[in-house]
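# A closer look at the structure
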Amino acid sequence: MQLVPKTNLVPESIPTTEKIILDVGGMKCAGCVKAVERQLVQYPGVKSACVNLATEVAVVESEIGAVDADALAKQLTTVGFPSQPRQPNGKVAGEKQAIQDPAERQRQEILSARRQLIVAAGLLVLSGIGHFGNVGGFMLPVLHNIWFHCALATVALLIPGRSILIDGWLGLRRNAPNMNTLVGLGTLTAYTASLLALVFPQLGWECFFDEPVMMLGFILLGRTLEKQARGRAAAAFKQLLDLQPQTARLLPKPKNANATAPLTAGGTQGGIVEIPAEQVRVGEWLQVLPGEKIPVDGAIVDGQTTIDESMLTGEAVPVLKQPGDTVTAGTLNQSGAIAIQATRTGSDTTLAQIVALVEAAQIRKAPVQKLADTVAGYFTYGVLTAALLTFLFWYFVGTHVWPDVTRSASMDMAHHSPLAFPHSPSLTHSSPLLLSLKLAIAVMVVACPCALGLATPTAILVGTAIAAERGLLIKGGDVLEKVHKLDTIVFDKTGTLTSGNPVVTDCLPLGEDENLMGRWGDGEMGREFHPTTSPPHHNLITPTKILQLAAAVENGTCHPLATAIRQEAQKQQLSIPPATDFHTEPGLGVSAVVEGSLVLLGNWDWLQWHGVPIDEKLQNMAEVLAADGKTVVGVAVAGTMTGLIAIQDTLRPDAKAAVDKLRQMGLRVMLLSGDTPAAAIAIAKQLGLNNTDVMAGVPPAKKAVVIQSLQAGEMGRIPNPKSQIQHPKSVVAMVGDGINDAPALSQADIGIALHAGTDVAMETADIVLMRNCLTDVVESIGLSRATFDKIRQNLFWAFAYNTLGIPLAAGVLLPSLNFVLSPAGAAALMAFSSVSVVTNSLLLRRFAHR
């Protein structure tokens, strides 16, 4: 699966890098993530690597052909992280796999989680009963027997704790200690000290076999709850994956291309073969029965039906589809049997691109996560150092400076609950060595690099999945952080703020005598031509002829204005003469040879550049039309101005509401258009925008320069006579249709594209609005802000927890408040810290119900 990050759009460029996706197992915390990334970037040929703890996926960027994916996965497996390259169908490669197919692995993880939950509950109950000594006032001698707890601790370490100890040891051996290393050292130290106390009673130490048992119980319980929470966080993305059809029904193509009945009345036909959807090729015909999902992107060639496109657009109302209409993979055929011709298959389908983008978004980290990653790389070493210093301080200093406090604390840790407040300073039997050892164990166990590793990916996992459900594709954590800083949002006009379906409103033919002027106009097309003065001059060209010439030239382009002219000609049932030698200057004009003469259609600057004279009177007529918000296109034949065509585009129904909400969010809203200043200002007035927020007359090629000027605070350099005001540097979002606006979308800090069925929108923009709805701009910004707030909350909790928990476990409050944290209590806090981070991320679901 190819994951495409945001890059500057250069269609002629040839990609020099490729991306390899690996499913990686064995990661337990942020330290593991750092270790995997270090292993990957050290591999020859790898340029960069990004690893996600929550999804257990690594994305590696390398020179094309420089890295063998299987060898890279084998290298990771060798160092303790079982890995396999992922194939385009989402499955891992190879017959003998170090990790299972994702679906099978998910089923096994559910069973494993249930078993682990039972084991954790059993350990906590048995050790807890012995820890507290009785149940309901009734003494249980067997469970209170020291030999029982010795056996229980031994079994706990050898069976449920075995994987933790082995993984911790392997991490330590490969110079990449992790959370299991800390837990393993803590439990083994507690078990060994208790065993020595039991075998050599003359030492005078107390046994605390219940501590390692409770530590393992709390850790297993916490990991089980965390895994379930992470499963809920990934549920929406799994539902997105489930939308991808698995099979397709291949139809034999009729020999006659005009055949209209590839389907029988019963909806079946001989020769139909079921094949995997991923094996369908472009151009093949497929049959889709009612109730089935469309297997690939395509066009209907036979039949009529209604399609549920809610997975793509969010609209619950089914859409009527007839021959010639396009259909999208993953949408649901509801009412009729149809035959479609495949236009996009496999990873090229819209749904596959959405899945790839969402998966890529879940891996792309927010810059704020870099601090957590840096800390995680040295975290375990720091904790081990802190544990050693804790032991040395209390053994050589603390127990001598505060003998009474440490005596009671030592006894209380042995005989009371995990969170203890000593109450018996008169106790005389204590061991400075054991107290120091327990405090050191508590420091090792309470530290939680896992919370640091889950802080960002779980929030991004939930946020991007919620966004995908709503037809919003947000491409990663770096996008979320930029959105949070956003202060300016710039809208393209045509096709973005407006409906993109303009209509011709006026046609003004001009003769050699400019006092003679015919007119279709005043917003009423289709009326008969009437001269405004005396009967037409012999050189006066008629409105019909102007429209015919313009439609002939516009046959060479697909711009919305061209479509409006062609549609008007069709509406008038005019014959369109043939044209040759088409040439288009995006945003400026078009030309073609019609009936032996060069015909030009475009704006004034472009026409003048081609040598067409435009006098003041003509300019005034155009300004009158433009003042009504109309776009004026000049028509010149053989170097002479022969007419004007006025075209008007209406605002989208939701444009005003979207702009108002964005301004209420504290954002500056601006309009950027290649149209004339008068036409742009007319639209701005309808939106309630000031003239200073309008940038008009900017061709597509220069829109990126305008965005760059806004970012640099150089508004005065923008070619807009209406606005020469200097502004501070801005964090800018650009909203466009993803076609002509691609350079501006790429230049903006945040590019937001209305999905127009183009790859450009998918590749260039940071946020893609699949429903082509402007209110989704507000929704995407609101959800991005909410997700980034969760990231910051999670990181704050993760850092605060460790910042407070480690000193607390080290006994910082012992001298003043007689407060001591036992190893079991430290394990409980550590286990639930990561659970709290994931749970906080799940609270984003509340945003989904607003």
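Counting restarts for each chain, with residues numbered from 1 along the sequence as it is written. A pLDDT threshold of at least 70 governs which residues receive local features in this predicted model, and a stricter bar of 80 or more applies before side-chain atom pairs are shown or counted, although totals over entire chains, interfaces and linings include all residues. In computing side-chain properties, one takes all heavy atoms of the structure into account and sets aside hydrogens as well as water.

## Details of the overall build of the protein chain
- Under the DSSP-based scheme used, a helix requires at least four consecutive residues in state H or I and a strand at least two consecutive residues in state E, with every element numbered from the N terminus. Looking only at helices and strands, one finds 29 helices and 32 strands in the protein chain.
- Of all 850 residues assigned to the protein chain, the portion counted as buried reaches 54%.
- We call two residues in contact when some of their heavy atoms are within 4.5 Å. Partitioning the contacts of the protein chain with sequence separation of at least 6, the portion at a separation of at least 24 is 69%.
- Working note: accessible area of the protein chain is about 36,100 Å², and carbon and sulfur atoms make up 58% of it. Exposed residues in this analysis have more than 50% of their type's maximum accessible area, buried residues have under 20%, and partly exposed residues fall in between, with area computed by a 1.4 Å probe over protein chains only. Note on areas: Shrake-Rupley, 1.4 Å probe, and residue coverage restricted to the protein chains presented here.

## Describing the packing of helix α14 (residues 449-469) against helix α28 (residues 823-842)
- Working convention: axes come from line fits to C-alpha atoms, limited for helices to the stretch in contact. Angles between N-to-C directions cover 0 to 180 degrees. Running from amino to carboxyl end, α14 crosses α28 at an angle of 15 degrees, the nearest separation of the two axes being 9 Å. As the angle between them shows, α14 and α28 are arranged roughly parallel. Where α14 crosses over α28, the two elements pack in a sense that is right-handed. Along the contact surface, α14 presents Cys450, Ala451, Leu454, Ala455, Thr458, Ala459 and Val462, while α28 presents Ser833, Ser834, Val837, Val838, Ser841 and Leu842.
- Here the residues of the contact of α14 with α28 are counted per class, giving nine nonpolar, four polar and no charged. Roughly parallel covers angles under 35 degrees, roughly antiparallel covers those over 145, roughly perpendicular covers 65 to 115, and oblique covers all other angles. A crossing counts as left-handed when the near helix is turned anticlockwise from the far one by less than a right angle, and as right-handed when that turn is clockwise. For this classification, Asp, Glu, Lys and Arg are treated as charged, while Ala, Val, Leu, Ile, Met, Phe, Trp, Tyr, Cys and Pro are nonpolar and the rest, including Gly, are polar.

## What about the sheet that holds strand β15 (residues 338-344)?
- Pairing is antiparallel in the open sheet, where six strands are placed in the order β8-β7-β9-β15-β10-β13. Unpaired on one side and paired on the other, β8 (273-276) and β13 (326-327) mark the two borders of the sheet.
- Taken together, the four bridges between strand β7 (residues 247-251) and β8 define a ladder with antiparallel strand orientation. Looking across to β8, one finds that arginine 249 is bridged to glutamate 274. A pair of strands is considered paired only if DSSP assigns at least 2 bridges between the two.

## A few points about helix α20 (residues 616-627)
- Counted at 1.5 Å a residue, the expected span for α20 with its 12 residues is 16 Å, and the 16 Å between its end C-alpha atoms agrees.
- Of the positions making up α20, those classed as buried are Leu618, Ala622, Leu625 and Ala626. Seen from one end, α20 has its buried residues packed into an arc of 100 degrees, which puts them on one side. Relative to its buried face, α20 has exposed residues pointing more than 90 degrees away, namely Glu616, Val624 and Ala627. A helix's residues, less one, multiplied by 1.5 Å, set its expected span. Note: the arc covers the axis-to-C-beta directions of the helix.

## Some words on the pairing of strand β25 (residues 631-637)
- Summarising burial for β25: seven of the seven residues are buried, a large majority.
- Note that β25 and strand β26 (residues 640-648) share seven bridges and pair antiparallel. When the sheet's bridge partners are listed, glycine 634 is paired in β26 with leucine 644.
- Hairpin connection between β25 and β26: a loop of two residues separates the two successive antiparallel strands, and alanine 638 in this loop has a positive phi of roughly 55 degrees.

## Some points on unusual backbone geometry
- Although it is not a glycine, glutamine 573 sits at a positive phi angle of roughly 55 degrees.
- Topologically, glutamine 573 is positioned in the loop between α18 (560-571) and β22 (579-585).
- Overall, glutamine 573 belongs to the exposed group, its relative accessible area being 73%.
- In the Ramachandran plot, asparagine 818 falls in the positive-phi region, its phi being about 55 degrees despite a non-glycine side chain.
- Relative to the assigned elements, asparagine 818 resides in the loop between α27 (814-817) and β32 (820-821).
- Residue asparagine 818 is classed as partly exposed on the basis of its relative accessible area of 26%.

## With respect to the packing of helix α21 (residues 655-664) against helix α26 (residues 775-809)
- Close contact between α21 and α26 brings their axes to 7 Å; oriented N to C, the two are set at 30 degrees. By the angle between their directions, the pair α21 and α26 is classed as roughly parallel. Note on element contacts: α26 touches α21 through Thr775, Val777, Val778 and Ile781, opposite Ala658, Lys661 and Leu662.
- Of the residues that constitute the contact of α21 with α26, the class distribution is five nonpolar, one polar and one charged.

## Quick notes on the sheet that holds β22
- In spatial order, the strands read β19-β26-β25-β24-β23-β22; together these six strands make up an open sheet with antiparallel pairing. In this open sheet, the two edge strands, each paired with only one partner strand, are β19 (503-509) and β22. Recorded for the sheet is a direction-independent mean angle of 20 degrees between the axes of neighbouring strands.
- Taken together, the four bridges between strand β24 (residues 597-602) and β25 define a ladder with antiparallel strand orientation. Across the sheet, residue leucine 600 finds its bridge partner in β25, namely alanine 636.
- Packed onto the sheet, α20 meets β19, β25 and β26 and runs at close to 10 degrees relative to β26.

## Observations concerning the nonpolar core
- Counting 140 residues, the largest nonpolar core has Leu40, Ile489 and Val777 as the members making the most contacts within it.
- The element that contributes the greatest number of residues to this core is α26, accounting for 12 residues.
- Excluding its chain neighbours within four sequence positions, the residues that come into contact with valine 777 are Ile489, Phe491, Leu662, Val735, Ile752 and Leu769.
- In this text, buried Ala, Val, Leu, Ile, Met, Phe, Trp, Tyr and Cys residues form a nonpolar core when linked through side-chain atoms within 4.5 Å. Ranked by size, the runner-up nonpolar core spans 26 residues in total, among them Ala550, Ala551, Ala592 and Val633.

## Some details on the environment of threonine 349
- By secondary structure assignment, the location of threonine 349 is in the loop between β15 and α10 (350-363).
- Residues threonine 349 and alanine 329 lie 20 residues apart in sequence; the distance between their C-alpha atoms is 6.6 Å.
- Apart from the residues lying within four places of it in its own chain, the contact partners of threonine 349 are Val296, Asp297, Ala329 and Arg344.
- There is a polar contact of 3.3 Å between the side chain of threonine 349 and the backbone oxygen of glycine 346. Polar contact is the term for a pair of N or O atoms within 3.5 Å; when the atoms are in protein, one must be able to donate a hydrogen and the other to accept it, and sequence-neighboring residues count only if both atoms are side-chain atoms.

## Focus on the packing of aromatic side chains
- Stacked, tilted and edge-to-face pairs are distinguished by plane angle, under 30 degrees for stacked and over 60 for edge-to-face with tilted covering the rest, among Phe, Tyr and Trp rings (Trp via its six-membered ring) whose centres lie within 6.5 Å. As enumerated under the stated definition, the model contains six aromatic pairs in all.
- Measuring from ring centre to ring centre gives 6.5 Å for phenylalanine 393 and tryptophan 402, while their planes differ by 50 degrees; the resulting arrangement is tilted.
- Since its relative accessible area comes to 37%, phenylalanine 393 is described here as partly exposed.
- Look at tryptophan 394 and tryptophan 402: their rings are 5.8 Å apart centre to centre, the planes differ by 50 degrees, and that puts the pair in the tilted class.
- When its relative accessible area of 30% is taken as the criterion, tryptophan 402 is described as partly exposed.
- Joined through ring pairs, the aromatic side chains of Phe391, Tyr395 and Phe396 make up one cluster.

## Description of a nonpolar patch on the surface
- Patches here are clusters of residues that have more than 30% relative accessible area and form no salt bridge, with a 9 Å joining cutoff for like charges and a 5 Å cutoff for nonpolar side chains (Val, Leu, Ile, Met, Phe, Trp, Tyr). Salt bridges, as used here, are contacts in which a Lys or Arg side-chain nitrogen is within 4 Å of a carboxyl oxygen on Asp or Glu. Together, Leu388, Leu389, Leu392, Phe393, Tyr395, Phe396, Val397 and Val401 give the surface a local cluster of nonpolar side chains, amounting to about 720 Å² of exposed area.
- Within the secondary structure, leucine 388 sits in helix α11 (residues 369-401).

## Comments concerning the pairing of strand β3 (residues 57-63)
- A large share of β3 lies buried, amounting to five of its seven residues.
- Relative to β3, strand β1 (residues 17-24) is paired through seven bridges, and the arrangement is antiparallel. Considered in β3, the bridge of leucine 22 is made with alanine 58.
- As consecutive antiparallel partners, strand β2 (residues 46-52) and β3 are separated by four residues, and within that stretch glutamate 56 has a phi angle of approximately 55 degrees, a positive value.

## Details of the confidence of the model for the protein chain
- Across the protein chain, pLDDT averages 77, with 78% of residues at or above 70.
- A residue's pLDDT is the predictor's confidence in that residue, given on a scale from 0 to 100. Across residues 716-725, confidence stays below pLDDT 50; counting only partners more than four residues off in sequence or on other chains, it has 18 contacts.

## Notes on the pattern of salt bridges
- The tally for this structure, following the rule as stated, stands at 14 salt bridges.
- Across the pair lysine 321 and glutamate 309 runs a salt bridge whose closest N-O atoms are separated by 3.3 Å. With lysine 321 in strand β12 (residues 319-321) and glutamate 309 in the loop between β11 (305-308) and α9 (310-313), this residue pair connects regions lying 12 residues apart in the sequence. We note that lysine 321, like glutamate 309, is buried.
- Glutamate 481 serves as the salt-bridge partner of lysine 485, at 3.9 Å between the closest nitrogen and oxygen. Placement of the pair is lysine 485 and glutamate 481 together in helix α15 (residues 477-485), with a separation of four residues, close to one helical turn.
- In this structure lysine 485 comes out as exposed when scored by relative accessible area, which is 53%.
- Residues participating in the shared-partner salt-bridge network are Arg249, Glu274 and Glu292.

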